[in-house]
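# Fold and geometry: a report
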Amino acid sequence: ETTETTETTETTETTETTETTETTETTETTETTETTETTETATPIGTVGAATGTPDLTLPPTDTASLSGGSSPSGGTWQLLLVAMAGLLATVLLLTPATVARKR
């Protein structure tokens, strides 16, 4: 069994004395006293209800701030697609020849 003890003690003492004597006599007295006292006592109103249990079912979020997320297309893509489909329908209706009625 080996026991090793190391103790280090470092002491630094610095003493600096500076003495300056200058005599100037000026007497000025200013006294300002300001006292502000505010006392407020809050009176509780109503009662505290009992703790309630947590619900068995977690409801889905109801915020509608982020309409671009999820399954809906982002930006104006759906608008462009709608205009393209309307243009295609108009072209088909205009270019399809009308059937001629026959007399009997």
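Everything here concerns the structure above.
### Comments concerning the overall build of the protein chain
- A count of helical and extended segments in the protein chain gives one helix and zero strands.
- Burial statistics for the protein chain: of 104 residues in total, 0% are counted as buried.
- Accessible surface computed for the protein chain: about 12,100 Å², of which carbon and sulfur atoms make up 53%.

### Section: helix α1 (residues 77-95)
- Taking 1.5 Å of rise per residue, the 19 residues of α1 would be expected to cover 27 Å, and the 27 Å separating its terminal C-alpha atoms lies within 8% of that figure.
- When you tally the buried positions in α1, you get zero out of 19 residues, a small fraction of the element.

Criteria and cut-off values
Residues numbered from 1 in each chain as written. Predicted model: local features only at pLDDT ≥ 70, side-chain atom pairs only at ≥ 80, totals over all residues. Heavy atoms only, no water. Helix = DSSP H or I, 4+ residues; strand = E, 2+ residues; numbered from the N terminus. Buried < 20%, exposed > 50% of the residue type's maximum accessible area, 1.4 Å probe, protein only. Areas by Shrake-Rupley, 256 points an atom, 1.4 Å probe, with all protein chains shown as cover. Expected span 1.5 Å × (residues − 1).

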